[in-house]
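Here's the letter readout for the chains.
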Amino acid sequence: MIIDTLKEKIKGRGIRIVFTEGWDARVQEAATKLAAEDVIRPVLLGEKEEIEATAKENGFDLTGIETMNPAEYPDIDKMAVKMVELRRGKLDIERCRKALMSTNYFGTMLVQMGYADGLLGGATYSTADTVRPALQLVKAAPGNALVSSAFLLLKGDEEYMMGDCSINLNPNADDLVEITLQTAKTARQFGIEPKIALLSYSSFGSAKGECVAKVAEAALRLHRMPIDFAVDGEMQFDTAVAPEVAKLKAPKSEVAGQANTFIFPNLSSGNIGYKIAARLGGWEAIGPVLQGLNAPINDLSRGCNATEIYKMAIITAAQKDMDI
Ligand SMILES: CC(C)(COP(=O)(O)OP(=O)(O)OC[C@H]1O[C@@H](n2cnc3c(N)ncnc32)[C@H](O)[C@@H]1OP(=O)(O)O)[C@@H](O)C(=O)NCCC(=O)NCCS
Ligand SMILES: CC(=O)OP(=O)(O)O
C-alpha cells in the first residue's frame, strides 16, 4: 500500500513536520504515534498549557515531542522582517507580527525559512485559512501556473485520485489543463498510472452548456500537448468508470470505463463528490494533498480523524523528496 511504501522511505530521517493545531486531540494522537514509530519529528504549535491540557485529558505522552508557541518564539522579529519582504509592500511589520501570532502563518514561515520540512494543518482551521499563508508566502513552485489539490481514495487494494476538490473555485479551461497535469504527476508519485477522465454532466457532446464547453476545451488542449498519460473528456462519471456504460456512450475512448483519476469541473462538484465517496461510499479519503506549491504544506478536512492525519503527515514528509 502506498502509505506503507512512503513510510518506509521517510522513517528514521528526523523529518520535521509542524502541526498548526497542536492542541487538537486527533492531531496529538497521530503525532504521538508518528514519534513513537520514529516516522517523523512532529512539532506541535500552540500554547503549551493548552497542548498539555489536551494531552492530560486524553492520556497522551508528549515526552520528546517539541512544542512551539509563536508568542514565545525568540526569533519572531526576524521572522516578521522576512514576512514583510515576502509580502512586498502588502503588509507592514505590525500586521506581520500580528499575523504571526496565529499558528497557520507562524508554521508557514517556519517552513519558508527552513526551520521545518513541512506543515500539516486544517483539523480546525478552514481550508482557506490553512492554504492562504502558503499561497502568499511560499507560492507556486516554478513551472506551475497555480496551486491545486488532489485526494487519494482508498478501499482495500483499490486506489483512485480526484482533483481539485479544495482550492480553485471555478477553474477555466487553462486551469483545468494545469490541474490535470498536476494530478497526473501526484498520481504517479502515489504509484497510480493515471487514466484521467475530465468529468462533466455530458459525455462527448451529449449535453450542452458553458461548463461542458470548458471541460471539452481543456480535453482538446491536453490532446494537443506532448503528454505521456491517458486523458479524455468531457465525460460523465458513469462513462468514466463503468465499462458497459462506456461502450454505449463513448465506444472510441481509451479512458472511458477504465478511468482511475478524475478531474472535476469546479470546486462545488469536486468537494461534494469526494465527500459522497467518503461518507456514503465508504472510501478512505486522504487529502487534500496540495500540488504545485513550493514546499510540502498540506491541508486536512475538519472532519478528519487521527488515522487520516497520520497518513497525511507521512505524505507531507515524503513530499520533501518529491518534485511537487
Ligand atoms: C485558496 C483561496 C483561499 C485563495 O484566495 P484568497 O484567500 O481570496 O486569497 P487571494 O485571492 O487574496 O490570494 C492570495 C494570494 O494567493 C495567490 N493565489 C490565490 N489562489 C491561488 C492558486 N490557486 N494558486 C496559486 N496562487 C494563488 C494570489 O495570487 C495571491 O498572491 P499575492 O497576495 O502574492 O498577490 C481561495 O481561492 C479559496 O477560498 N478557495 C476555496 C477554499 C475552500 O473553501 N475550499 C472548500 C473546502 S476544502
Ligand atoms: C477539504 C475540505 O472539505 O475541508 P473542510 O471539510 O475542512 O471544509
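Residues numbered from 1 in each chain as written. Chains lettered and ligands numbered in written order. Predicted model: local features only at pLDDT ≥ 70, side-chain atom pairs only at ≥ 80, totals over all residues. Heavy atoms only, no water.

## Section: a negative patch on the surface
So, point 1. The grouping of Glu47, Glu49, Glu50 and Glu72 at the surface amounts to a negative patch.
So, point 2. Within the secondary structure, glutamate 72 is located in the loop between β3 (66-68) and α4 (76-87). (Patch = residues over 30% accessible without salt bridge, like charges linked within 9 Å, V, L, I, M, F, W, Y side chains within 5 Å. Areas by Shrake-Rupley, 256 points an atom, 1.4 Å probe, with all protein chains shown as cover. Salt bridge = Lys/Arg side-chain N within 4 Å of Asp/Glu carboxyl O. Lys, Arg positive; Asp, Glu negative; His and termini not counted. Charge placed at Lys NZ, Arg CZ, Asp CG, Glu CD. Helix = DSSP H or I, 4+ residues; strand = E, 2+ residues; numbered from the N terminus.)

## Some points on the site of ligand 1
So, point 1. Surrounding ligand 1, one finds 16 residues, the nearest of these being Arg87, Lys90, Arg132, Lys139 and Val147.
So, point 2. The contact in question runs from an oxygen atom of ligand 1 to an N or O atom on the side chain of arginine 132, over 2.4 Å.
So, point 3. Within the side chain of asparagine 168, a nitrogen or oxygen atom sits 2.9 Å from a nitrogen atom of ligand 1.
So, point 4. For ligand 1, whose free accessible area comes to 920 Å², the fraction covered by protein is 61%.
So, point 5. At the level of secondary structure, the elements contributing two or more residues to the shell around ligand 1 comprise α7 (127-137) and α12 (267-279). (Near = heavy atom within 4 Å. Polar contact = N/O pair within 3.5 Å; in protein donor to acceptor, adjacent residues only side chain to side chain.)

## What about the pairing of strand β1 (residues 16-19)?
So, point 1. Neither face of β1 is open: one carries Arg16 and Val18, the other Ile17 and Phe19, and all of them are buried.
So, point 2. Here 4 bridges tie β1 to strand β2 (residues 41-45), and the two strands are oriented parallel to one another. Considered in β2, the bridge of isoleucine 17 is made with proline 42.
So, point 3. Crossover connection from β1 via helix α2 (residues 25-36) to parallel β2: handedness right-handed.
So, point 4. Bridging between β1 and strand β4 (residues 118-121) involves 3 bridges; their strand directions are parallel. Paired with phenylalanine 19 across the strands is leucine 120, a residue of β4. (Buried < 20%, exposed > 50% of the residue type's maximum accessible area, 1.4 Å probe, protein only. Pairing = 2+ DSSP bridges. Right-handed = clockwise from strand over helix to strand, strands pointing away.)

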